[in-house]
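What follows is each chain in one-letter form.
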Amino acid sequence: GDQPKKMGKVALVALNVANGDITHHLVRSTWLKSELLSFVLCLRPCEILFTSGSSSMLKKVVEEVVNECNWNRSIGVIRMEERAPTSRDSASTRALCLKVFAEASQQNEAILSTLNAAHFECLAHVIGYLKELRLEGVLNSCSNFAHFREKSRMKLPPFTSKALELFQNSSTGQAEGSLFHLLDKTKSANGSRLLRRWLLNPPQDAEEIEERQNCVSDLIRHDSLRGGLDQIFALASDIDTLVGRILNKTALPSEFVKCQLLLQEVGGTLAALQDSKPELSSKLLAACLSWGGSSLFTEIDEVLQVLDVEAARRNDKGKVFLCAGTFPKIHEHLRKIRGIRRDLLDLLPHFQNVLQLSRPIGYKSIQNQGDYLIELPEDFVGVPETWIKVCATKTVCRYQPREVQV
């Protein structure tokens, strides 16, 4: 989004839809293409949104960056969409963003206080776009805000990364043969994005550089530690995806239970590594292993104890919740559902008499059409007028009786 023209600045906001993390940046218009290209190379977005009310200069720069990235395919194909400007004024836009993000975390409230009107305009568009896709659930988590250009890091412009062949080789412009292509052995999309960020914005702080060296040294010395962490990171991609589906309220019971079991496996691996008591010089690795004793994994065990895991794996929602004392309302509704099903089955002899059939009949369930349907030959005569014809083939028609509708 554009900042007021007198400021000559443009706000950039990126959202990770898997976990709600937000990266923000504010750049001078004179450096827009360079900074936007760095932003895109580092974060690898799948789509870029900008408003139709933006300046022609902004639209042209976005198109140039997208076309350049799509041509060399070094980060995948990016979709570009021009959106109508928000109808809210700056005060209501700011209030909307504070309501969505600040209520989740005091830290977010402090960060939001440092942003300006252009950032809030971008965040409002992100919120609206996610609501259109019914993905706003990810915003209910404690989204982490991070500035794209941290003061403790170097700022490599795109022409420098191109000269060093960080993300694309100089001969064909493709990713293969670049330094990133050589180094990228990451297990997850988040890990890959982090490596890109490290290459594009390397640290300047001596303590951070030394900490990374200590991590590498510890991993070289401890084979079991390296193997355990490798196992955890192999699970990270699935966990990231499943958590996103849970936050967006689109997860099936099988996916929810799979996420819990994967996290349980992570907790067990961390606890085993912690029990081995390796001598570590890295504070980061020590902090990572300390998570083995986190209460999170105890809570996961408690959740799994009240669920029928096998029923969840079958996506049998009616049998997932084991304990009536823990879930009284759910079991009350299940009892009502069982009663309704019995009543529906008791109606079958009545339908048989209405249709004057000598043979017993049963219900049909057709995906995306409905349940408790009565299937009759296409040329059958005598279907009650109150029955609704739901679907048909060349040989049969399927109806929903009035008694089933109510």
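Provided above is the structure to which this section pertains.
Residues numbered from 1 in each chain as written. Predicted model: local features only at pLDDT ≥ 70, side-chain atom pairs only at ≥ 80, totals over all residues. Heavy atoms only, no water.

Draft legend 1. Main features of the nonpolar core. Within the largest apolar cluster, 29 residues are counted, with the highest numbers of intra-cluster contacts made by Leu32, Leu36, Val40, Val62, Val65 and Phe167. Only β1 (9-15), α1 (32-43), β3 (47-51), α2 (56-72) and α8 (189-200) provide two or more residues apiece to this core. (Core = buried A, V, L, I, M, F, W, Y, C linked by side-chain atoms within 4.5 Å. Buried < 20%, exposed > 50% of the residue type's maximum accessible area, 1.4 Å probe, protein only. Helix = DSSP H or I, 4+ residues; strand = E, 2+ residues; numbered from the N terminus.)

Draft legend 2. Spatial organisation of the packing of aromatic side chains. Following the criterion strictly, the structure yields five aromatic pairs and no others. Positioned above the aromatic ring of phenylalanine 180 is the side chain of arginine 196, whose terminal nitrogen or guanidinium carbon lies 4.4 Å from the ring centre. We note arginine 212 situated over the ring of tryptophan 198; from NZ or CZ to the ring centre the distance is 3.8 Å. (Phe/Tyr/Trp six-rings, centres within 6.5 Å; stacked < 30°, edge-to-face > 60°. Lys NZ or Arg CZ within 6 Å of the ring centre and 35° of its normal.)

Draft legend 3. Inspection of unusual backbone geometry at higher detail. A positive phi is found at lysine 277, a non-glycine position, where the angle reads about 50 degrees. Along the chain, lysine 277 falls in the loop between α11 (253-275) and α12 (283-290). Despite not being glycine, glutamine 356 shows a phi value in the positive range, around 60 degrees. You can call glutamine 356 exposed: its relative accessible area is 72%.

Draft legend 4. Focus on the packing of α1 against α8. In contact at an axis separation of 7 Å, α1 and α8 are set at 140 degrees when each is read in the N-to-C sense. Judged by the inter-axis angle, α1 sits oblique to α8. Every residue of α8 that contacts α1 at Ser38, Leu41, Cys42 and Leu43 is listed here: Arg193, Arg196, Arg197 and Leu200. A class-by-class count of the residues in the contact of α1 with α8 yields four nonpolar, one polar and three charged. (Axes fitted to C-alpha atoms, helices over the stretch in contact; angles between N-to-C directions. Parallel < 35°, antiparallel > 145°, perpendicular 65-115°, else oblique. Contact = heavy atoms within 4.5 Å. Nonpolar A, V, L, I, M, F, W, Y, C, P; charged D, E, K, R; others polar.)

Draft legend 5. Broad picture of a positive patch on the surface. Judged by side-chain charge, Arg335, Arg338, Arg341 and Arg342 come together as a positively charged surface patch. Counting through the fold element by element, arginine 341 comes out in helix α15 (residues 328-346). (Patch = residues over 30% accessible without salt bridge, like charges linked within 9 Å, V, L, I, M, F, W, Y side chains within 5 Å. Areas by Shrake-Rupley, 256 points an atom, 1.4 Å probe, with all protein chains shown as cover. Salt bridge = Lys/Arg side-chain N within 4 Å of Asp/Glu carboxyl O. Lys, Arg positive; Asp, Glu negative; His and termini not counted. Charge placed at Lys NZ, Arg CZ, Asp CG, Glu CD.)

Draft legend 6. Focus on the side chain of asparagine 169. Take asparagine 169: it is sitting in the loop between α6 (158-163) and α7 (179-183). Relative accessible area serves as the criterion here: at 10%, asparagine 169 is assigned to the buried category. One polar contact links asparagine 169 to serine 171, side chain to side chain, over a distance of 2.9 Å. A distance of 2.6 Å separates a polar side-chain atom of asparagine 169 from the backbone oxygen of glutamate 176. In this structure asparagine 169 touches Gln174, Glu176, Gly177 and Ser178, once residues within four positions along its chain are discounted. (Polar contact = N/O pair within 3.5 Å; in protein donor to acceptor, adjacent residues only side chain to side chain.)

Draft legend 7. Geometry of the pattern of salt bridges. This structure, assessed with the given rule, holds 14 salt bridges. Salt-bridge contacts for lysine 33 lead to glutamate 64; the nearest nitrogen and oxygen are separated by 3.4 Å. Placement of lysine 33 in helix α1 and of glutamate 64 in helix α2 is noted, with a sequence separation of 31 residues between them. A salt bridge links arginine 402 to glutamate 403; its shortest N-O distance comes to 3.9 Å. Overall, arginine 402 belongs to the partly exposed group, its relative accessible area being 42%. Assessed through its relative accessible area of 24%, glutamate 403 is described here as partly exposed. Salt bridges sharing partners connect three or more residues here, namely Glu47, Arg79, Glu81, Arg83 and Glu132.

Draft legend 8. Focus on the packing of α11 against α12. The geometry of α11 relative to α12 is characterised by a closest axis approach of 8 Å and an angle of 120 degrees between their N-to-C directions. One finds that α11 runs oblique with respect to α12. Along its contact with α11, which presents Leu270, Leu273 and Gln274, the element α12 presents Cys288, Leu289 and Ser290. Looking at the contact of α11 with α12 residue by residue, the classes come out as four nonpolar, two polar and no charged.

Draft legend 9. Quick look at the environment of phenylalanine 327. Among the secondary structure elements, phenylalanine 327 is positioned in the loop between α14 (309-313) and α15. The contact partners of phenylalanine 327, leaving out residues within four places of it in the chain, are Val306 and Phe321.

Draft legend 10. Expanded view of the sheet that holds strand β9 (residues 396-400). Read across the sheet, four strands follow the order β6-β7-β9-β8 without closing on themselves; strand pairing throughout is antiparallel. Looking at which strands have only one partner, the edges of the open sheet turn out to be β6 (364-366) and β8 (388-392). Strand-to-strand, the axes of this sheet are offset by a mean angle of 50 degrees, without reference to chain direction. (Pairing = 2+ DSSP bridges.)

Draft legend 11. Expanded view of the pairing of strand β2 (residues 22-28). A large share of β2 lies buried, amounting to five of its seven residues. The loop that links β1 with its antiparallel partner β2 comprises six residues; one of these, glycine 20, has a positive phi angle of about 85 degrees.

Draft legend 12. Seen up close, the sheet that holds β1. The mixed open sheet is built from three strands, whose spatial order is β1-β2-β5. This sheet does not close on itself; its edge strands, each paired only once, are β1 and β5 (145-147). Between one strand axis and the next, the sheet turns through 25 degrees on average, direction left out of account. Direction of pairing for β1 relative to β2: antiparallel, over a ladder of seven bridges. By the bridge assignment for β2, alanine 11 is matched with leucine 26.

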